[in-house]
Amino acid sequence: MAYPVGISDFTRLQLELTSFCNAACPSCERAKYEVLPEQIYKKFLNSTEISLDNIKKWLPLDKMTSLRNLHFCGNIDEPTLHSDLFGVCKYFEENTPDHVWIHISTNGGTRNKEFWEEMASLKRTLIVFGIDGLEDTNHIYRKNVRWKKLQDNFRTYIKAGGDAAWQFIKFKHNLHQIEECRKLSLDESFVSFNTVDSTRENFEVEAVETQLKSDSCVRCKATYFNHELEKSFFIDVSGNVWPCCWMATKNVIEYQFVPIVGHKFGHFLSNNLKYEKFEDIISGEMFSYLYDHQKDFDVCNQHCKENISDVFTWDIEEQWKNKRLAID
């Protein structure tokens with residue numbers, strides 16, 4: 001069966017702009033790279049980014065007629081470490097309709113005052129700060145992120161007129177601070193405060209227990225309207241196109257779901273924008289195969305059944321747009 005979403009149908013595009021990150025969150029995909037073959041994977045950490053020139057070449061914006069949401073958030077990146085993030089955002093703002101919004105997910109612990117003031121001048125860009133607690137808890141998961149730097153950054157950005165959202169991942173070590181953080185977000189003029197119920201854990205952090213269900217069928221969240229992925233595609237920092245970022249993580253550790261394509265140093269060429277056009281990739285054999293076999297893949301069973309690992313309890317876009325409409 002052909003993949004059900006085409007070039008003119010999808011509403012959301014997620015981009016992994018860099019392989020750089022200042023943090024060391026213990027459940028991040030980056031942690032897997034530390035135990036994988038040096039010559040294949042580790043060389044990509046803190047080494048590469050998608051250039052603005054490639055974005056211009058790879059993305060036929062004139063054909064993406066249903067696009068309304070660009071999300072800069074990958075599996076291994078901190079978007080603010082892209083060498084020209086402002087230029088990338090400016091390009092999209094100037095070359096997409098006014099109803100297209102840009103979301104940037106960040107740990108908030110990078111760059112300087114000038115950077116954040118410049119980002120605040122963008123008109124259709126929202127910065128989503130991942131802040132999982134207060135000064136005494138945020139660093140437990142957001143390792144290497146210094147509170148004072150984070151605080152200075154979001155205050156500079158908001159004071160300069162930028163729109164900021166606060167995303168709070170729940171862990172056992174920060175549950176008692178949710179309401180305090182919610183109040184602080186209002187005091188600091190964030191446009192929204194939203195929580196994420198997460199099962200991510202390891203020896204360093206303890207997840208919140210959730211009731212999992214296993215009697216539901218797989219339904220690919222990247223192929224219909226919903227409040228997590230919508231109709232969407234994901235492009236990783238190497239230029240590979242995937243239905244979602246969850247499936248892209250499997251490129252790191254296994255090849256069970258793409259046996260029909262060849263690979264070279266762990267990177268598949270039939271879904272890579274350096275070799276194929278975006279519209280040809282998503283309408284091609286690989287995407288058809290992925291859709292037909294989704295019920296067989298662990299990653300699809302983990303994320304696209306009712307027992308999904310992360311539940312986002314937020315309405316960021318609605319709150320943000322309401323604020324913008326009130327200002328305009």
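No experiment lies behind these values; they were computed from the predicted model shown.

1. Observations concerning the overall build of the protein chain
Part 1 of the argument: Of regular secondary structure, the protein chain possesses 12 helices and 11 strands.
Part 2 of the argument: Out of the 328 residues in the protein chain, the part that is buried amounts to 56%.
Part 3 of the argument: Summarising the internal contacts of the protein chain: among those between residues at least 6 apart in sequence, 78% fall at separations of at least 24.
Part 4 of the argument: In the form shown here, the protein chain has an accessible surface area of approximately 14,900 Å², with 50% of it arising from carbon and sulfur atoms.

2. A few points about the pairing of strand β7 (residues 232-235)
Part 1 of the argument: The two faces of β7 match: Ser232 and Phe234 on one face and Phe233 and Ile235 on the other face are all buried.
Part 2 of the argument: When strand β1 (residues 12-15) meets β7, the two strands line up parallel, connected through 4 bridges. Paired with Leu13 across the strands is Phe233, a residue of β7.
Part 3 of the argument: Relative to strand β8 (residues 241-242), β7 runs antiparallel, the two sharing 2 bridges. Residue Phe234 lies in a different strand from β8, and its bridge partner there is Trp242.

3. Concerning the pairing of strand β4 (residues 125-130)
Part 1 of the argument: Counting buried residues along β4, 6 of its 6 residues qualify, which places the element largely inside the surrounding structure.
Part 2 of the argument: Sheet analysis places strand β3 (residues 101-106) next to β4, joined by 5 bridges and oriented parallel. Within β4, the position partnered with Ser105 by the bridge is Val128.
Part 3 of the argument: Regarding topology, helix α4 (residues 113-120) serves as the crossover connection from β3 to the parallel β4, and that connection is right-handed.
Part 4 of the argument: Here 5 bridges tie β4 to strand β5 (residues 163-169), and the two strands are oriented parallel to one another. Residue pairing in the sheet places Phe129 in a bridge with Trp166 of β5.

4. A look at the nonpolar core
Part 1 of the argument: Counting residues in each nonpolar core, the largest one holds 83 residues, and the members touching the most others are Leu13, Leu59, Phe72, Phe92, Met119, Phe129 and Phe278.
Part 2 of the argument: With near-sequence residues (within four places) excluded, Met119 lies in contact with Leu85, Phe86, Cys89, Ile104, Ile127 and Tyr157.

5. A short note on the pattern of salt bridges
Part 1 of the argument: Under the counting rule described, the total for this entry stands at 8 salt bridges.
Part 2 of the argument: Residue Asp187 is joined to Lys183 by a salt bridge in which the shortest nitrogen-to-oxygen separation is 3.0 Å. Taken together, the residues span about one helical turn, with Asp187 and Lys183 both in helix α7 (residues 178-187) at a distance of 4 residues.

6. Quick notes on empty space enclosed by the protein
Part 1 of the argument: Counted under the stated rule, the structure contains 2 cavities of 30 Å³ or more.
Part 2 of the argument: Taken as a whole, the second largest cavity holds about 110 Å³ of empty space.
Part 3 of the argument: Considering the residues around the second largest cavity, the lining is formed by 13 residues, among which Cys220, Pro243, Cys244, Met247 and Cys300 are closest to the centre.
Part 4 of the argument: Contributing elements (two or more residues each) for the lining of the second largest cavity: α8 (245-253), α10 (285-292) and α11 (298-303).
Part 5 of the argument: Top contributing element to the lining of the second largest cavity by residue count: α11, with 3 residues.
Part 6 of the argument: Along the lines of polarity and charge, the residues of the lining of the second largest cavity split into 11 nonpolar, 2 polar and no charged.

How each quantity is defined
- Residues numbered from 1 in each chain as written.
- Predicted model: local features only at pLDDT ≥ 70, side-chain atom pairs only at ≥ 80, totals over all residues.
- Heavy atoms only, no water.
- Helix = DSSP H or I, 4+ residues; strand = E, 2+ residues; numbered from the N terminus.
- Buried < 20%, exposed > 50% of the residue type's maximum accessible area, 1.4 Å probe, protein only.
- Contact = heavy atoms within 4.5 Å.
- Areas by Shrake-Rupley, 256 points an atom, 1.4 Å probe, with all protein chains shown as cover.
- Pairing = 2+ DSSP bridges.
- Right-handed = clockwise from strand over helix to strand, strands pointing away.
- Core = buried A, V, L, I, M, F, W, Y, C linked by side-chain atoms within 4.5 Å.
- Salt bridge = Lys/Arg side-chain N within 4 Å of Asp/Glu carboxyl O.
- 1 Å grid on protein atoms, 1.4 Å probe; cavity = no way out; pocket = protein on both sides within 12 Å on 5 of 7 lines; lining within 4 Å.
- Points joined across faces, edges and corners; volume = space filled by probe spheres on them.
- Nonpolar A, V, L, I, M, F, W, Y, C, P; charged D, E, K, R; others polar.

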